Amino acid sequence: MSEGVEIRFEGLAATRQSGVRLPWRLSWRPVMPLLLAAPLLLFMLVFYALPVLSMLMRSVNDPSWTLSHYASLTGDTVFLKVFSNTLYTSLTVTAGALLLGYPVALSLVRAPRYAPVILILILLPFWTSVLVRSYAWMVLLGRHGLINEALLAAGMIDQPLRILNTPLATQIAMVHILLPYMVLPIANALRQIDPSLARAASGLGATPWATFRQITLPLSMPGVAAGVLLVFVLALGFYITPAMVGGTREITLSMLIAQQVDQLNWAYAATLSVVLLATALAIIAAFYRLPGVGHTLRTSAR
Amino acid sequence: MAGAGRGAKVTLSNLERSYDRVAAVAGVSLDILSGEFLTLLGPSGSGKSTTLMMIAGFEKPTGGDIAIDGKSVVAMPPYRRNIGMVFQNYALFPHLTAADNIGFPLKQRGVGKAEREKLVREALALMQLPDHGERYPRQLSGGQQQRVALARAIVFKPRLLLMDEPLGALDKQLRENLQLEMRRLHADLGITFIYVTHDQEEALTMSDRIAVMNAGLVAQVGRPEDLYDRPGSRFVASFLGESNFLPAIVRGIEDDVVVAECEGAIIRALCPGRPATGEKVMLTTRPERIRFADGAFASTAPQNRLSVTVTEAVFAGERCRYMLQARDGTAMVLKEPSSAAIRRRAVGERTEIAWSVADTILV
């Protein structure tokens, strides 16, 4: 879309500058990208945008035009509990992914010889279905799962730990699944840092740690912000993983929505969906205002 | 200069650096004196930048030693060497202002904020950028960035400053201004400068001494005029300025002058060694030191003379440039300061040329 806008501006500028009427063929140029995207846009409109919109409409039009569904949310303790739980889970998952992901991104850029191996290790789970990975975590974390069996065998615990069906299990599995979204933008930002800057810092008397603190880390912040944004927003809407490994006591917003749909409570489900969407959009908007982040997001999407 | 002792003395002993058994630097030995402006001059791939990077500590030598003031620094990481360095692309930190860039080395050395600000202000004033401290590198022109990089490299008063083609990215006018500025800075600071360039004019203009490098080795070290007047090899003669080469056969030696036969004429040349009679050698002389020797020409200095034909004549404003051909086909170039009073030669004209024995070198 942005490509189309740019080309259109170019066309206009050229027309204004030359002051000469352009041949008719040139007038197609501005709409050309739009035409190329038209089939997909049409598909998205019919099979995605309209159904989603009609679903969301139920939050304000059920049974008739009303804002009562939103008004009732403020006093809804279940919603408030689930919403804060969702935000908390997203926050811890983002923090976990950042702490684990930054060193990986650094090694990806600093050790080019091992970069292909590291990249495959990051992306291999990425290419596996979320369902399969969530099942794998169930096997690992279960009462008689690999982790408990190993700890028991090593004599470090007397009875199996309860990990599966707790928020911790959700957080561990989600960090694993979302890690690539943190690593890749950070690695991308690190790769764009001119290597002579670290040399210069070192030559000017900065120890390796000082060079990292004062040069590398600040210059990689746009990538960090992009990774944090991606992971946080994706974590907000996670459903399969928390539903499978997180148990039923600490549920997330997406699980609540699914529950309400199951009970054919459409208006409530739609209202929750709008809240989820609005939260995500608000966070994205806030991050785009941070300097350098918008650019990094666009380049890492390539 | 009063700065004696303020500059570091650098000794390279048989310094080597190989990559996958290919030698980039193949045994460089060089004594760089305290307070000297030494230029490493050579074509790309000659090992000059690698040598500089090893002195700075960014590259590890695969052999030999680097001593600064008599102490080996090979095992010392770059951040402990206390050497100023200016990079080709300046390597200014894009997220820091000009003032913070200049203050960076001071901060690493634990200099207090007030003292740091004072030194940064002085450095900015020295570089004629007193009002540019709050700007970011991208808001500065190329020449201003260059000055900030230079200020950052000297603000902590190192005794040695390394520069890797620092003027390469600037246009000619600015480059010439900065060359003079750097000369002045060198005189003011009295510290040792090691400068890397492939630009022979830059090297001749700025340096106390030049080390010409080729294929990972130092081909010759000396003062600019010595290198220009007495090139020790064909490579140095052709890389540093323009040279004519005359193949000749040694006929004898008189004192320290070689008598050789060339193009059917006897040519005398200065020579450091003592070549054997009958040996085939190469003589060299500079195009601007040859004169047309027909008509009213007189000189008391011992001269070499040769008959030639003009094959090409180019008027280039301040001087005329002639392509000449000797009897046996050797091509030569002659440069003459232009003057309306001097008759210009026509293509095809047969004439005599002469040049001083002191300007003829056996290489």
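Residues numbered from 1 in each chain as written. Chains lettered and ligands numbered in written order. Predicted model: local features only at pLDDT ≥ 70, side-chain atom pairs only at ≥ 80, totals over all residues.

### Remarks on the overall build of chain A
Phase 1 of the analysis: Looking only at helices and strands, chain A has 14 helices and zero strands in total.
Phase 2 of the analysis: Seen in sequence order, chain A has helices and strands lined up from the N terminus as α-α-α-α-α-α-α-α-α-α-α-α-α-α.
Phase 3 of the analysis: Classification of the 302 residues of chain A by burial places 29% in the buried group.
Phase 4 of the analysis: When contacts within chain A are restricted to residue pairs at least 6 apart in sequence, those whose partners lie at least 24 apart make up 73%. (Helix = DSSP H or I, 4+ residues; strand = E, 2+ residues; numbered from the N terminus. Buried ≥ 20, exposed ≤ 12 C-beta atoms within 10 Å, placed from the backbone. Contact = placed C-beta atoms within 7 Å.)

### Thoughts on the overall build of chain B
Phase 1 of the analysis: A count of helical and extended segments in chain B gives eight helices and 20 strands.
Phase 2 of the analysis: Projected onto its principal axes, the C-alpha coordinates of chain B cover approximately 75 × 50 × 40 Å.
Phase 3 of the analysis: Within chain B, counting contacts between residues at least 6 apart in sequence, those at least 24 apart form 66% of the total.

### Let's talk about the nonpolar core
Phase 1 of the analysis: Counting 94 residues, the largest nonpolar core has B:I102, B:A151, B:L162, B:I194, B:A211 and B:V212 as the members making the most contacts within it.
Phase 2 of the analysis: Residues within four places of B:I194 in sequence aside, it is in contact with B:V10, B:I32, B:L38, B:L40, B:L52, B:I55 and B:L162.
Phase 3 of the analysis: In terms of nonpolar packing, the next biggest core, distinct from the first, is built from 39 residues, A:A105, A:A173, A:V183 and A:F238 among them. (Core = buried A, V, L, I, M, F, W, Y, C linked by C-beta atoms within 7 Å.)

### Section: the interface of chain A and chain B
Phase 1 of the analysis: Each partner contributes residues to the interface: chain A has 15 residues there, and chain B has 17 residues.
Phase 2 of the analysis: Counting residues per element, the ones that place at least two in the side of chain A that touches chain B are α9 (195-203) and α10 (208-236) of chain A.
Phase 3 of the analysis: For the side of chain A that touches chain B, the element with the highest residue contribution is α9(A), accounting for six residues.
Phase 4 of the analysis: Of the residues in the side of chain A that touches chain B, the class split is eight nonpolar, five polar and two charged. (Nonpolar A, V, L, I, M, F, W, Y, C, P; charged D, E, K, R; others polar.)

### A word on the sheet that holds strand β1 (residues 10-19) of chain B
Residues and elements named next belong to chain B.
Phase 1 of the analysis: Ordered by their spatial adjacency, four strands build an open sheet running β2-β1-β4-β5, and the pairing between neighbours is antiparallel. The outermost strands of the open sheet, each flanked by one partner alone, are β2 (22-32) and β5 (71-72).
Phase 2 of the analysis: Bridge count between strand β4 (residues 63-68) and β5: two bridges; the pairing is antiparallel. Residue pairing for β5: A67 is matched across the bridge by S72. (Pairing = 2+ DSSP bridges.)

### With respect to the sheet that holds strand β15 (residues 290-292) of chain B
Neighbouring strands of a sheet are bound in pairs by backbone hydrogen bonds; such pairs are parallel or else antiparallel.
Residues and elements named next belong to chain B.
Phase 1 of the analysis: The five strands are arranged β15-β19-β16-β17-β18 in an open sheet whose pairing can be described as antiparallel. Strands at the two margins of the open sheet, each flanked by one partner only, are β15 and β18 (331-337). Each strand axis lies, on average, 45° off the axis of its neighbour in the sheet, ignoring direction.
Phase 2 of the analysis: When strand β16 (residues 303-315) meets strand β19 (residues 350-356), the two strands line up antiparallel, connected through seven bridges. (Axes fitted to C-alpha atoms, helices over the stretch in contact; angles between N-to-C directions.)

### Focus on the confidence of the model for chain A
Phase 1 of the analysis: Residues at a pLDDT of 70 or more form 87% of chain A, whose mean pLDDT is 85.
Phase 2 of the analysis: Considering only residues more than four positions removed or in separate chains, one finds that residues 1-19 of chain A, a stretch of pLDDT under 50, has eleven contacts. (pLDDT = per-residue confidence, 0-100.)

### Some remarks on the pairing of β18(B)
Residue and element names in this part refer to chain B.
Phase 1 of the analysis: Two strands pair when backbone bridges link them, and strand β17 (residues 319-326) and β18 are joined in this way by seven bridges, in the antiparallel orientation. In the sheet register, Y322 faces β18, and the bridge partner there is L334.
Phase 2 of the analysis: Where β17 folds back onto β18 in an antiparallel hairpin, the turn is made up of four residues, including G329, whose phi is positive at roughly 105°.

### As for the pairing of β1(B)
All names here are of chain B.
Phase 1 of the analysis: The sheet contact formed by β1 and β4 spans five bridges and is antiparallel. What sits directly across from L12, in β4, is I66.
Phase 2 of the analysis: Looking at chain direction, β1 and β2 are connected through eight bridges and run antiparallel. Opposite V10, over in β2, you have I32 as the bridge partner.

### Section: the packing of helix α8 (residues 167-191) of chain A against α10(A)
Residue and element names in this part refer to chain A.
Phase 1 of the analysis: Axis separation between α8 and α10 bottoms out at 7 Å; the angle between their running directions is 155°. It follows from the interaxial angle that α8 and α10 lie roughly antiparallel. Seen from above, α8 lies across α10 with right-handed handedness. Here α8 contributes M174, L178, Y181, M182, P185, I186, N188, A189 and L190 to the contact with α10, which in turn contributes S220, P222, G223, V224, A226, G227, L230, V231, L234 and A235. (Parallel < 35°, antiparallel > 145°, perpendicular 65-115°, else oblique. Left-handed = near helix turned anticlockwise from the far one by under 90°.)

### Looking at α8(A)
Residues and elements named next belong to chain A.
Phase 1 of the analysis: Under the 1.5 Å per step criterion, the end-to-end length of α8 is 35 Å for 25 residues, consistent within 8% with the ideal 36 Å.
Phase 2 of the analysis: Largest kink in α8: about 45°, centred on L178, with the proline P180 one to four residues after it.
Phase 3 of the analysis: Taking burial as the measure, the 25 residues of α8 include 21 buried ones, the bulk of the element. (Expected span 1.5 Å × (residues − 1). Bend = angle between axes of the 7 residues up to and from the residue.)

### Quick look at the environment of A:T216
All names here are of chain A.
Phase 1 of the analysis: Within the secondary structure, T216 sits in helix α10.
Phase 2 of the analysis: Residue classification places T216 among the partly exposed residues on the basis of 19 C-beta atoms within 10 Å.
Phase 3 of the analysis: For T216 and D194, which are 22 residues apart along the polypeptide, the C-alpha to C-alpha distance reads 9.8 Å.
Phase 4 of the analysis: Setting aside chain neighbours within four positions, we find T216 in contact with I193, A198 and T211.

### Overview of the environment of B:D131
Phase 1 of the analysis: By the element assignment, B:D131 lies in the loop between α3 (113-126) and α4 (142-154).
Phase 2 of the analysis: Along the sequence, B:D131 and B:R121 sit ten residues apart, while their C-alpha atoms lie 9.4 Å from each other.

### A word on the packing of helix α4 (residues 77-110) of chain A against helix α5 (residues 115-126) of chain A
All names here are of chain A.
Phase 1 of the analysis: Remark: α4 packs on α5, axes separated minimally by 8 Å, with the N-to-C direction vectors making an angle of 145°. The chirality of how α4 crosses α5 is left-handed. Of α5, the residues touching α4 (which contributes V104, S107 and L108) are A115, I118, L119 and I122.
Phase 2 of the analysis: Split into classes, the residues belonging to the contact of α4 with α5 amount to six nonpolar, one polar and no charged.

### Here's the deal with unusual backbone geometry
Residue and element names in this part refer to chain B.
Phase 1 of the analysis: You will see that D20, though not glycine, has its phi angle at about 50°, which is positive.
Phase 2 of the analysis: Of note, D20 is situated in the loop between β1 and β2.
Phase 3 of the analysis: On the neighbour-count criterion, D20 (4 C-beta atoms within 10 Å) is exposed.
Phase 4 of the analysis: You will see that N82, though not glycine, has its phi angle at about 60°, which is positive.
Phase 5 of the analysis: Examined against the element boundaries, N82 turns out to sit in the loop between β5 and β6 (84-86).

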